[in-house]
Amino acid sequence: MELSTILQPECTTCATPGSKKKVLELISDIAAVQYPTLSSQEIFESLLAREKMGSTGIGNGIAIPHGRLANIERPVAVLVKCEDPIAFDAIDKQPVDILFALLVPSEQCEQHLATLSSMAEKLNDKAVLKQLRKTSNESELYQVITQ
C-alpha cells in the first residue's frame, strides 16, 4: 500500500506533547478529523488498549502506536515529530521523538501488520530517520516520509 493513501498532509505534525498520554491524545484528535463518526476518545482508548499490552516504542527514538477500530472503512496514519523527546517505555529505554500511528478497520489485520512492518523498516533506515529529525515543519516531514 502506498503510504500517501493512508497518510494525509493534515495528519502530519511537529509538536511538543510532553508525555506519552498527551501524544496519544494528540494523535487521537488528529485522526478523529479523518473519522467523523468516531470521537477522539474512542480512538485514544484503542491506542491505549494496545499500549497496555506492551509499549509500541521500537527503539532508536521511534514508536508505532496502532489500533483496530470497528465502524471504519479505511486505514488512517498520523505522523508526529516531537520537538522534545518523550518517555514512551520503549524497548531500549530511550525517549521517543518520531511516532507513526496507524488505525485500521478491525477486519484488516493482515494488511495492518504488513503496513506496520514496512513502516518500521522505513523508520529504521538511518538516512530517512536523520532526514525526518532535520525537518523544521509539517510539509517537510510529510515530503520525507512519503518519498
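Scroll up a little and you will see the structure.
Predicted model only: the values in this text are computed from it and were never measured.

**Section: unusual backbone geometry**
Here is step 1: Phi at asparagine 71 is positive, roughly 65°, even though this residue is not glycine.
Here is step 2: Mapped onto the elements of the fold, asparagine 71 is located in the loop between β4 (66-69) and β5 (76-86).
Here is step 3: With a phi close to 60°, aspartate 89 is a non-glycine residue in the positive phi region.
Here is step 4: Within the secondary structure, aspartate 89 sits in the loop between β5 and β6 (96-105).
Here is step 5: Its relative accessible area of 59% is what places aspartate 89 among the exposed residues.

**A closer look at the packing of aromatic side chains**
Here is step 1: Counting across every chain of the model gives zero aromatic pairs.
Here is step 2: Over the face of the ring belonging to phenylalanine 88 we find lysine 20, whose NZ or CZ atom lies 4.6 Å from the ring centre.

**Notes on the environment of glutamate 121**
Here is step 1: With respect to the helices, strands and loops of the structure, glutamate 121 is situated in helix α3 (residues 109-123).
Here is step 2: Separated by 60 residues in sequence, glutamate 121 and glycine 61 place their C-alpha atoms 14 Å apart.

**Topic: the environment of isoleucine 64**
Here is step 1: Its place among the elements puts isoleucine 64 in the loop between β3 (62-63) and β4.
Here is step 2: For the pair isoleucine 64 and glutamate 25, spaced 39 residues apart in sequence, the C-alpha separation works out to 14 Å.

**Re the side chain of serine 46**
Here is step 1: Looking at the secondary structure, you find serine 46 in helix α2 (residues 40-53).
Here is step 2: With relative accessibility at 12%, the residue serine 46 sits in the buried group.
Here is step 3: Not counting chain neighbours up to four residues away, the residues in contact with serine 46 comprise His66, Gly67, Arg68 and Leu69.

**Observations concerning the nonpolar core**
Nonpolar side chains in soluble globular proteins generally cluster together in the buried interior.
Here is step 1: Membership of the largest hydrophobic core comes to 49 residues, with the highest contact counts inside it found for Ile43, Leu99, Phe100 and Leu123.
Here is step 2: The greatest single-element share of this core, amounting to eight residues, is contributed by β6.
Here is step 3: With near-sequence residues (within four places) excluded, leucine 99 lies in contact with Val23, Ile27, Ala63, Pro65, Val78, Leu79, Val80, Cys82 and Phe88.

**Focus: the pairing of strand β1 (residues 12-15)**
Here is step 1: A two-sided burial pattern is seen for β1, the buried positions comprising Thr12 and Cys14 on one face and Thr13 and Ala15 on the other.
Here is step 2: Note: β1 against β5, four bridges, orientation parallel. Pairing of alanine 15 across the sheet is with cysteine 82, part of β5.

**Some words on the side chain of threonine 56**
Here is step 1: Structurally, threonine 56 is set in the loop between α2 and β2 (57-59).
Here is step 2: Once residues within four sequence positions are removed from consideration, threonine 56 is found in contact with Arg50, Glu51, Ile62, Ala63, Ile64, Pro65, His66 and Phe88.

**Focus on helix α4 (residues 126-134)**
Here is step 1: All of the buried residues along α4 are Val128, Leu129 and Leu132. Mapping the buried residues of α4 onto a view down its axis gives an arc of 95°, with all of them on the same face. Along α4, the residues that are exposed and aim more than 90 degrees away from the buried face are Lys126, Ala127, Lys130 and Lys134.
Here is step 2: Between a side-chain oxygen at the N-terminus of α4 and the backbone nitrogen of alanine 127 the separation is 2.8 Å; the capping residue is aspartate 125.

Rules used in this analysis
- Residues numbered from 1 in each chain as written.
- Predicted model: local features only at pLDDT ≥ 70, side-chain atom pairs only at ≥ 80, totals over all residues.
- Heavy atoms only, no water.
- Helix = DSSP H or I, 4+ residues; strand = E, 2+ residues; numbered from the N terminus.
- Buried < 20%, exposed > 50% of the residue type's maximum accessible area, 1.4 Å probe, protein only.
- Phe/Tyr/Trp six-rings, centres within 6.5 Å; stacked < 30°, edge-to-face > 60°.
- Lys NZ or Arg CZ within 6 Å of the ring centre and 35° of its normal.
- Contact = heavy atoms within 4.5 Å.
- Core = buried A, V, L, I, M, F, W, Y, C linked by side-chain atoms within 4.5 Å.
- Pairing = 2+ DSSP bridges.
- Arc of directions from axis to C-beta.
- Polar contact = N/O pair within 3.5 Å; in protein donor to acceptor, adjacent residues only side chain to side chain.

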